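Take a look at the letters that make up each chain.
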Amino acid sequence: MGKLALAAKITHVPSMYLSEMDGEHKGCREAAINGHKEISRRCRELGVDTIVVFDTHWLVNSGYHINNAPKFEGVYTSNELPHFIKNMPYSYDGNVELGDLIAKVANEAGIPTRAHSETTLGMEYGTLVPMRYMNPDKHFKVVSISAMCQVHNLDDSAKLGAALTKAIEEEYDGTVAIFASGSLSHRFAQNGISEKYLHKVWSPLLQNVDDRVVEMWEQGEWKEFVEMLPEYALKCHGEGFMHDTAMLLGALGWDEYKGKVEVITPYFGSSGTGQINAIFPVE
């Protein structure tokens, strides 16, 4: 019935919002913002009605959770980096139907998942920052899925992604895009010297591994990447333990995926972390 039309790994660095503000950092993340706008343009061309975000800033300690409230509206300040993201207004429409379908199919596949439509849950900035640049006109409905999974197996997150695709293709009447919202390596710069790392990765080791990972994605080396993913996520401080990436790949076929990634915003360092905007072709 429905269609998964676009999949991407995206950045949500708070310095994108800082980049809008007058001052010494104005324009510092123009490339990342333009990458979001390009992904949005492609989604519109493909007729996408809803964006599902795997949000590595939504921490959960039991099960999988979907925020599919009918509407999201408020003013957001990050409790993690309140000097970067403060008083940011947002207003988006949700998609209760799609969130419920994803939860239903995931539970049928043996992955305990709850969809929350009657809720006061707010959105996290892993969803809010991308939507600011991709969805300012509320063109897309939005569903957010928890992806900072503290006590979960990456294989289960991949199965959740597979269930999402099944729900879209077999039970949803519409067109969907999915975004893994998180970094590659995610070792923040040490307190006291963070300003020196605004445009740098924490160490040459982390950057070199990230560079190799991007190369693997571009060459379609998915079996090799899936095999190394648990250790990569641990030793390179993967954001959200890379559950967003596992969900994304699970939705696309996991280690059987054949696509070759198209980099939209080239890899860059931000406050010690490694970032990218990249489209994973949907086969």
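Analysis parameters
Residues numbered from 1 in each chain as written. Predicted model: local features only at pLDDT ≥ 70, side-chain atom pairs only at ≥ 80, totals over all residues. Heavy atoms only, no water. Helix = DSSP H or I, 4+ residues; strand = E, 2+ residues; numbered from the N terminus. Rg over C-alpha atoms; globule rule 2.2 N^0.38 Å. Buried < 20%, exposed > 50% of the residue type's maximum accessible area, 1.4 Å probe, protein only. Areas by Shrake-Rupley, 256 points an atom, 1.4 Å probe, with all protein chains shown as cover. Lys, Arg positive; Asp, Glu negative; His and termini not counted. Charge placed at Lys NZ, Arg CZ, Asp CG, Glu CD. Salt bridge = Lys/Arg side-chain N within 4 Å of Asp/Glu carboxyl O. 1 Å grid on protein atoms, 1.4 Å probe; cavity = no way out; pocket = protein on both sides within 12 Å on 5 of 7 lines; lining within 4 Å. Points joined across faces, edges and corners; volume = space filled by probe spheres on them. Nonpolar A, V, L, I, M, F, W, Y, C, P; charged D, E, K, R; others polar.

Each helix and strand counted, the protein has 8 helices and 10 strands in total. Over its C-alpha atoms the protein spans a radius of gyration of 17 Å, differing by no more than 12% from the 19 Å that the globule rule assigns to 283 residues. Taken along the three principal axes of its C-alpha coordinates, the protein extends 50 × 40 × 35 Å. Counting every position in the protein, which comprises 283 residues, the buried fraction comes to 57%. Carbon together with sulfur atoms contributes 49% to the accessible area of the protein, which is approximately 11,900 Å² in total. In the protein, 25 positive and 38 negative side-chain charges are present, and the distance between their average locations comes to 3 Å.

The tally for this structure, following the rule as stated, stands at 15 salt bridges. Note that Lys26 and Asp22 form a salt bridge whose closest N and O atoms lie 3.6 Å from each other.

Positive phi outside glycine occurs at Asn87, with the angle close to 55 degrees. If you check the backbone angles, Phe241 has positive phi at about 60 degrees while not being a glycine. With respect to the element layout, Phe241 can be found in the loop between α7 (222–235) and α8 (243–252).

The buried count for helix α4 (residues 125–134) comes to 9 of 10 residues, which makes it a mostly enclosed element. Every buried residue of α4 is listed here: Tyr125, Gly126, Thr127, Leu128, Val129, Pro130, Met131, Tyr133 and Met134.

With that settled, consider the layout of surface pockets. Each pocket or cavity is described by its volume, and for the largest pocket that value is around 370 Å³. Lining the largest pocket are 15 residues; nearest its centre among them are His83, Phe84, Ser194, Glu195 and Ser271. Looking at the lining of the largest pocket residue by residue, the classes come out as 6 nonpolar, 6 polar and 3 charged.

What follows is about empty space enclosed by the protein. Overall, the coordinates contain 1 cavity of 30 Å³ or more when judged by the stated rule. By volume, the largest cavity amounts to about 100 Å³. For the largest cavity, the lining is made up of 14 residues, of which Val13, Pro14, His186, Phe188 and Thr273 are closest to its centre. Per-class residue counts for the lining of the largest cavity are 6 nonpolar, 7 polar and 1 charged.

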